[in-house]
Structures are given as C-alpha cells and as structure tokens.
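Architecture and fold: a report
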Amino acid sequence: MKDTIVLYTSPGRGHLNSMVELGKLILTYHPCFSIDIIIPTAPFVTSAGTDDYIASVSATAPSVTFHQLPPPVSRIPDTLRSPADFPALVYELGELNNPNLHETLITISKRSNLKAFVIDFLCNPAFQVSSSTLSIPTYYYFTTAGSVLAANLYLPTLHKNTTKSFRELGSALLNFPGFPPFPARDMALPMHDREGKVYKGLVDTGIQMAKSAGIIVNTFELLQERAIKAMLEGQCIPGETLPPLYCIGPVVGRGNGENRGRDRHECLSWLDSKPSRSVLFLCFGSLGSFSSKQLKEMAIGLERSGVKFLWVVRAPAPDSVENRSSLESLLPEGFLDRTKDRGLVVESWAPQVEVLNHESVGGFVTHCGWNSVLEGVCAGVPMLAWPLYAEQKMIKAVVVEEMKVGLAVTRSEEGDGLVSSAELEQRVSELMDSEKGRAVKERAVAMKEAAAAAMRDGGSSRVALDNLVESFKRGRMAPLGQSKQ
Ligand SMILES: O=c1ccn([C@@H]2O[C@H](COP(=O)(O)OP(=O)(O)O[C@H]3O[C@H](CO)[C@@H](O)[C@H](O)[C@H]3O)[C@@H](O)[C@H]2O)c(=O)[nH]1
C-alpha cells in the first residue's frame, strides 16, 4: 500500500488551486506518496471552469486522486442561500460535511497507508473528525498570508481580552503581533459580529491550529520576516508552544497547457504585440465583481490614464438586478471602440499566471487574494491593491506596508464608497510611471528573485518542505518545536 497524504480543500477556486499546487509540490520532490484531495460539495457556489481544471490535473498528475463529497445529509439553512452569506456557508458546510468526510477518510485508509491529513484552515470543523475521532496526524494549510496567520493565532487571546466586537471597536487600531497596526473596522465584514458563525469559527480555528501536528503556510521567510518571527517567538499564542511551522511557499501554479498552441488564449497573442512592461493587468480573483457604476468609473479612469491595459471584467453578482446587462452596456458608451488600440477587455476569466509572466505586463491591479499576490510576486510585477472582501484589506496592508511591492487605491469616504475615476487614474500613473512606482517595481523584482531562491535546493521553503515530509513519514504527532529539525 502506498503512503498517502489526504488534502481537504475549502470551496472556491482560490482554495482549490492552492491545495492542488501543494499536492503537486509534495509529489515533485517526494514522488513516493500518493495525494488524495477531498472537495466538499458547495451548493450555491458557482465556480466557472472547475470541472475542466480537475480533469486537466487528473490527466497530468496520475498520483493525484480527487474525491467529491456527496451533498450533506442535513439540510443547509435557507438563511445561507445568498452569495453574501458565502463565508458563513463555508463554516456551516464544514460541520454538515463531517459525516461524509468521516466515511471518505475510512474508505481511503482501507486502500492506502494514510500518513497525514491536511485541512484548509477554513475547513476547521474537520479537525474534530480527523484528529479527535480518527487520530490521524492533522495539519492545517493556511492558504493566505503569514501575517494573517499570525493574527488568526492571536485571535483567541484578543477575544479573551476584549468584550467588544470589531464593529464596536470601529477605527480603534488592533495590534496583532507581527502585523502593522490595523483598524478593527477593516477586518473582514463577517468577522464584525462577535456572535456570528465566521467570527466564532476563526477563533476556534486559532485554538485548534495551535493543537495540530503542524501549520503549513503559503509564504516564504524573506517575504514576511516580521510575522514569522512573531510566531516563532511565541508572541501569537502566549503561554503555549507553537506547533511546527512550515513556510513552504510560494505555492503557485505555473499556468497550464490549455494556453499553449492553437488553444492559446487571445489575450496572450494580444500581449505579444505590446512593448515590454507596458501593460497594466486588472483582475479580481475568482469571485470579484463590481456594480455597473464602479465599472464605469474604472473605465473612465483607465481611459484618462492613457496606459495600455488588459482588463478582466465580471458582470455584477448574480443576485443583483444589474446582472441582466451585457458587458458592453456596463461600460461607458464607445469605451471599447475608443480604447481598442491600447486596451483589451476580457469577460470573466483570463489565464492569470501566463498573463503576469508575459514580458509585456508591467503592473497588476489586484483584489489582494493571496494567490494573486503571490503570483504577482513570482512574476516580479508591482501591484495596485484594491481589496474587495474577506481578509483582503489585511493583505493590502501587508503588500503596501510590509512587503512594499505595491501601492493602494483609496475609496471615497462619502456615500457610495467607490474608487473614483480620478483616484484610479492617479494611482495607475503613479504605479506605471513615477519614482514611487519605480521603487515598488525594484522591490517586486527583488522579491521575485527571493521567491525563486526560497524554492531552490537548500532554500528556506525547500528545507521546510523536506521537514514537513519527514514529519508526514513518521505518521504520528511531530514533537512540539520548530520546523528546522
Ligand atoms: O481571471 C482569472 C481570475 C482568477 N484566476 C486565478 O484564480 C486564483 C484566485 O485566487 P486568489 O487570488 O487567492 O483569489 P480568490 O479566489 O478570491 O481567493 C480566496 O482565497 C484566498 C486564499 O485563501 C484569499 O486570500 C481570498 O481573500 C479569497 O477570496 C488565482 O490563482 C488566479 O490566478 C485566473 O487564473 N484567472
């Protein structure tokens, strides 16, 4: 029987991609394992292209097996059916999926030597099944920034030390170890309610991660030195010992074959015709979308800035009355025609990794999903941070203040909270053509080199990966301590 590592991903493309890349990374350097990836059923979540993605991974990586969990036996509450409730739904599903997860783990363990179970940190309820009930060494995979991990580990302490919710704390600054001072109101919205499912879920995640066999985080030492130091020095879980911490990143895709040869995406051919580092790429993750009013402001700002751009536009969210509009009608009249020589608008999805690594791309406007940020770092492309939801305002702070590989757009303080066309125009010009932009660009290139070095033989992330695999092989709780063994 083959030694098997089981990975349990959270719903959503950003999480699935990251987990698949983790599996592929383990297999690249340690092909003795097989990798089983369990995917929860996520009703009401549309994730375009996911089936094709899974099929292409299965075809190219035969040691990876996918298991789609059947729908949960218990009914999902009607209150969680709107996209706005997605974060709470993720936690609810985690609990509802536990019986099926339990069955699946038992089935896998009958036909393979199950050495370790790795859960996405958003699948926290699974810890009860794998660790407490089945006694499988259970690791957490933190798919977002190391600085956010430091904050999450500290959250149970913060919870004990205050009775106020983040909503009540408002503009008060939170002092998470390893994190720049951060206004409470900028914490992810679903975290604002102290009694809410998401807040309670993340407090519990902080508590359980500290009891796990190890925490794997998608970052590298040089990128987030301050946060990693804070965690290793025990500042994040006062009075307790941190389990081994494995900074094995950047774990990012290298793009895939669908964009080679005849099937090459049209936007890549369009980029071929543009000068080196001249194009601004705008893309907002797997879920990011804007109101038609915001889309129009963006279009005006881009047009006035005069830069070349490749813009991935997604129509407003499906629950909005605006979703019936065609893409063209969402943009200012004549915009596509007026900008056709220097701009390309792509609907919904572009091959982001290939685009970022194209010689013509010189800037990246991102929603600050962590995968996107790491992909930008690996391509050495400076960023303009435009956070939308989840922990993205935290990541923006990290990108701008700690990593120093990006600038940020500011929303208007009044009324609609939009990013105005004038603001976008100014920031874009700053990023693409100013002293400030040049400093950020140089830093981005330096971080690209540091990322490559971390992943090379003997680099910090490769050492961490080897230590992690040694711990997997032992197949029992790793001794408490740090990752360098
Ligand atoms: O047109 C597109 C849009 C996205 N992507 C890819 O999709 C992934 C998106 O991941 P990410 O940038 O992390 O965004 P989300 O999908 O929004 O990620 C979720 O998961 C992240 C990791 O936990 C969090 O940081 C985010 O806040 C959360 O929204 C990346 O690999 C992109 O390359 C494309 O290839 N083409």
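Going by what an unreviewed UniProt entry lists, the chain is known as Glycosyltransferase and is assigned to Citrus sinensis. Listed under Sequence similarities (unreviewed entry) in UniProt, the entry text for the chain is "Belongs to the UDP-glycosyltransferase family."

Moving on, we come to the side chain of Asn97. With respect to the secondary-structure elements, Asn97 resides in helix H3 (residues 86–111). Other than its neighbours up to four places away in sequence, Asn97 contacts Tyr8, Pro40, Thr41, Leu69, Pro70 and Pro72.

This part covers the packing of helix H14 (residues 370–379) against helix H17 (residues 435–455). Running from N to C, H14 and H17 cross one another at 95°; their axes reach a closest spacing of 6 Å. Taken together, the axis directions place H14 and H17 in an arrangement best described as roughly perpendicular. Counted together, Val377, Cys378 and Ala379 of H14 and Ala444, Met447, Lys448 and Ala451 of H17 form the full contact between these two elements. Along the lines of polarity and charge, the residues of the contact of H14 with H17 split into six nonpolar, no polar and one charged.

Take the pairing of strand E5 (residues 138–142) next. E5 sits mainly inside the fold: five of its five residues count as buried. Going residue by residue along E5, you find Thr138, Tyr140 and Phe142 tucked away on one face and Tyr139 and Tyr141 tucked away on the opposite face as well. Looking at chain direction, strand E4 (residues 113–120) and E5 are connected through four bridges and run parallel. Looking at the pairing, Phe117 lines up with Thr138 of E5. Considered for its hand, the β-α-β crossover made up of E4, helix H4 (residues 126–133) and E5 is right-handed.

In this section: the site of the ligand. Looking at the ligand, there are 24 residues lining it, with Ser286, Ala350, Ser372, Glu375 and Glu391 nearest. His367 is positioned with one of its side-chain polar atoms (N or O) 2.9 Å from an oxygen atom of the ligand. About the coverage of the ligand: the protein hides 94% of its 690 Å² of free accessible area. Every element with two or more residues in the shell around the ligand is listed here: helix H1 (13–29), H14 and helix H15 (392–402). Here the element with the most residues in the shell around the ligand is H14; it accounts for four residues. For the shell around the ligand, a count of residues per class yields eight nonpolar, 14 polar and two charged. Residue contributions to the shell around the ligand reach at least three from each of two domains, namely domain 1 (2–254 + 458–474) and domain 2 (266–450).

A separate point is the pattern of salt bridges. A side chain of one charge can pair with a side chain of the opposite charge if their charged atoms are brought near each other. The final tally for this structure, using the stated rule, is 20 salt bridges. Put simply, Glu435 and Arg438 hold a salt bridge, and the shortest N to O gap is 3.3 Å. You can see Glu435 and its partner Arg438 sitting in helix H17, three residues apart, about one turn around the helix. Note on Glu435: relative accessible area 58%, which makes it exposed. Using a relative accessible area of 38% as the deciding quantity, one classes Arg438 as partly exposed. Within this structure, Glu423, Arg427, Glu430 and Lys436 form a network of salt bridges that share partners.

We now examine the pairing of strand E13 (residues 361–366). For E13, a buried count of six out of six residues is recorded, marking the element as mostly surrounded by other parts of the structure. In the sheet, strand E10 (residues 279–283) pairs with E13 via five bridges, with the strands oriented parallel. By the bridge assignment for E13, Val279 is matched with Val361. Both E13 and strand E14 (residues 383–385) contribute to a ladder of three bridges, which runs parallel. Bridge assignment links Thr366 to a residue of E14, and that residue is Ala385. For the crossover that starts at E13, traverses H14 and ends in the parallel E14, the hand is right-handed.

Attention shifts here to the domain arrangement of the chain. Interface size is commonly expressed as the accessible surface area that is lost when the partners come together. Segmentation of the chain into domains returns domain 1 (2–254 + 458–474) and domain 2 (266–450). For domain 1 versus domain 2, the distance between C-alpha centres works out to 27 Å. With 31 residues of domain 1 in contact, the opposing surface of domain 2 contributes 23 residues. For the domain 1 and domain 2 pair, buried surface summed over both sides reaches about 2,400 Å², with 71% attributable to carbon and sulfur atoms.

Okay, the sheet that holds strand E2 (residues 34–39) next. Across the sheet, which stays open at both edges, the seven strands sit in the order E3-E2-E1-E4-E5-E8-E9 with parallel pairing between neighbours. Looking at the sheet topology across the chains shown, the edges are occupied by strand E3 (64–68) and strand E9 (245–247). Strand-to-strand twist of the sheet, defined as the mean angle between neighbouring strand axes without regard to direction, takes the value 25°. Pairing analysis gives five bridges linking strand E1 (residues 3–8) to E2, with the strands arranged parallel. Within the sheet, the bridge partner assigned to Ile5 lies in E2 and is Ile35.

Analysis parameters
- Residues numbered from 1 in each chain as written.
- Predicted model: local features only at pLDDT ≥ 70, side-chain atom pairs only at ≥ 80, totals over all residues.
- Heavy atoms only, no water.
- UniProt positions renumbered as here; feature names shortened; annotations may be inferred.
- Helix = DSSP H or I, 4+ residues; strand = E, 2+ residues; numbered from the N terminus.
- Contact = heavy atoms within 4.5 Å.
- Axes fitted to C-alpha atoms, helices over the stretch in contact; angles between N-to-C directions.
- Parallel < 35°, antiparallel > 145°, perpendicular 65-115°, else oblique.
- Nonpolar A, V, L, I, M, F, W, Y, C, P; charged D, E, K, R; others polar.
- Buried < 20%, exposed > 50% of the residue type's maximum accessible area, 1.4 Å probe, protein only.
- Pairing = 2+ DSSP bridges.
- Right-handed = clockwise from strand over helix to strand, strands pointing away.
- Near = heavy atom within 4 Å.
- Polar contact = N/O pair within 3.5 Å; in protein donor to acceptor, adjacent residues only side chain to side chain.
- Areas by Shrake-Rupley, 256 points an atom, 1.4 Å probe, with all protein chains shown as cover.
- Domains from an automatic or database assignment.
- Salt bridge = Lys/Arg side-chain N within 4 Å of Asp/Glu carboxyl O.
- Buried area = accessible area lost by both parts, 1.4 Å probe.

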